[in-house]
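Coordinate inspection notes
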Amino acid sequence: MIIDTETHVFYFTKPSRTNPSQSLVTHCTWREHSADLLIAEMDRAGVDKSIVISYDAEDILWHLERNGLGLEDFSGGKKYTLKSIEPYRDRLIWFTTLKNPRTRDSLKILREDAALGAAGIKIFPSYIRFGLDEPEMLDVFRLCADLDLQVLIAFGDLEPPVTLSLGTYLGQLERVISEFPGVNFGLMHGGCADPLNANEVADFEKICRLTRDHRNLYLGTAKVGNLWDDGTEYPFARYQKRLEMFARKAGADRLMWATDWPWYDDRFIYEQGLNAIRRHAEYLTSAQKAEFLGGSAASFLKLG
């Protein structure tokens, strides 16, 4: 089974019509990316299932504002996602996004989303300005344990001292994954530490240690290190190098394949994201590829 652990569906983002700096070759700036299209891409590539993460402009406002954009520059969200994926619930696994506990009744919303079929949540700690070990967040994790929801965490767009540092978040994460062993946690983008950047090696090493030491921690691998610097040069040499380092240090069975579709469909078509591993990841054995491409994700999702 092949499982993509990070995809999204939405109408558009950063629209090129009102933001001339956005190029039309970045298709998500002007074209809808529906569940129908995602399923067609999955069928062409031979992907069985995918995690589909919903968020709206409120959820990613920090990211938008850092790029000179605002609420009107993203169109999508929970309502659109649920309507779009409804015919494909056997293949598309919905994760909702945690609302800010300071401004919304996040626990009530999470219970409602679980009743609607959410299999887990995604958390942007820096966007909502929360530490992982604050009381409100611990309440969220307790509810996840009660409802058997799994957790994806994205440490993107950190900007200390406005936000906490990655090192601080990793220290908090160690406490959380120890306190909630029944909940599976996934760090997106490899935890957002670039092993090829000398300034981030210490965080990379800590992420790998935590992943080795805790069986309920997994690493998503879309845009590893939270950057993409291969352009359109398939099979993406620097991406592969980062994956190789994570596989060696954390273990291939702790990595989960992911594309972050459709954010990067101007860099690679969906099938190339899979073929880069199937055909060119020579640092992985056949058994390791099977784990990376689906086995670890099935374990994270508790699919049996």
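Scroll up to find the structure this text is about.
Now for a description of the structure that goes with this document. No experiment lies behind these values; they were computed from the predicted model shown.

**Focus: the overall build of the protein**
Scanning the protein for helices and strands turns up 11 helices and 10 strands. Its C-alpha radius of gyration of 18 Å places the protein within 12% of the 19 Å reference for a compact globule of 304 residues. Across its three principal directions, the C-alpha atoms of the protein cover 45 × 45 × 40 Å. Per-residue burial over the protein gives 57% buried out of 304 residues.

**Let's talk about the packing of helix α10 (residues 270–280) against helix α11 (residues 286–300)**
The axes of two packed helices give the description: the angle between them and the distance between them. The interhelical angle for the contact between α10 and α11, taken along N-to-C directions, is 160°, at an axis separation of 10 Å. The pairing of α10 with α11 is recorded here as roughly antiparallel in orientation. The interaxial crossing formed by α10 with α11 has right-handed handedness. Contact residues: α10 offers L274, I277 and R278, while α11 offers K289, F292 and L293. Classifying every residue of the contact of α10 with α11 by side-chain character gives 4 nonpolar, no polar and 2 charged.

**Details of the environment of F236**
Looking at where F236 falls in the secondary structure, it is placed in the loop between β9 (217–220) and α9 (237–250). Note: C-alpha distance between F236 and R89 (147 residues apart in sequence) is 32 Å. Excluding anything up to four places from it in sequence, F236 contacts W228, D230, R267, F268, Q272 and A276.

**Brief notes about the pairing of strand β5 (residues 92–97)**
Taken across its 6 residues, β5 has 6 buried, putting it largely inside the fold. Neither face of β5 is open: one carries L92, W94 and T96, the other I93, F95 and T97, and all of them are buried. Pairing of strand β3 (residues 49–53) with β5, which is carried by 4 bridges, proceeds in the parallel orientation. Considered in β5, the bridge of V52 is made with W94. As defined by bridge partners, β5 adjoins strand β6 (residues 120–123) across 3 bridges and the pair is classed as parallel. Bridge pairing in β6 places T96 opposite I121.

**Details of the packing of aromatic side chains**
Taken as a whole, this structure holds 18 aromatic pairs when the rule is applied. When the centroid spacing of 5.6 Å and the interplanar angle of 70° are considered together, the rings of Y218 and F300 count as edge-to-face. Here F300 lies in helix α11 and Y218 lies in strand β9, a separation of 82 residues in the sequence. Judged by its relative accessible area of 3%, Y218 is buried. On the accessibility criterion, F300 (0% relative accessible area) is buried.

**Considerations on the pairing of β6**
In the case of a regular strand, side chains alternate between the two sheet surfaces. Of the two faces of β6, both are covered, the one formed by G120 and K122 as well as the one formed by I121 and I123. Read from β5 through helix α4 (residues 106–115) to β6, the crossover connection turns out right-handed. In the sheet, β6 pairs with strand β7 (residues 150–153) via 4 bridges, with the strands oriented parallel. What sits directly across from I121, in β7, is V151.

**Some details on the packing of α4 against helix α6 (residues 135–147)**
One way to put it is that α4 packs onto α6 with a least axis distance of 10 Å and a crossing angle of 20°. If you check the angle between α4 and α6, you find them roughly parallel. Here α4 runs over α6; the crossing is right-handed. Here α4 contributes S106, L107, L110, R111 and A114 to the contact with α6, which in turn contributes D139, V140, L143, C144 and L147. The class makeup of the residues in the contact of α4 with α6 is 7 nonpolar, 1 polar and 2 charged.

About the criteria used
- Residues numbered from 1 in each chain as written.
- Predicted model: local features only at pLDDT ≥ 70, side-chain atom pairs only at ≥ 80, totals over all residues.
- Heavy atoms only, no water.
- Helix = DSSP H or I, 4+ residues; strand = E, 2+ residues; numbered from the N terminus.
- Rg over C-alpha atoms; globule rule 2.2 N^0.38 Å.
- Buried < 20%, exposed > 50% of the residue type's maximum accessible area, 1.4 Å probe, protein only.
- Axes fitted to C-alpha atoms, helices over the stretch in contact; angles between N-to-C directions.
- Parallel < 35°, antiparallel > 145°, perpendicular 65-115°, else oblique.
- Left-handed = near helix turned anticlockwise from the far one by under 90°.
- Contact = heavy atoms within 4.5 Å.
- Nonpolar A, V, L, I, M, F, W, Y, C, P; charged D, E, K, R; others polar.
- Pairing = 2+ DSSP bridges.
- Phe/Tyr/Trp six-rings, centres within 6.5 Å; stacked < 30°, edge-to-face > 60°.
- Right-handed = clockwise from strand over helix to strand, strands pointing away.

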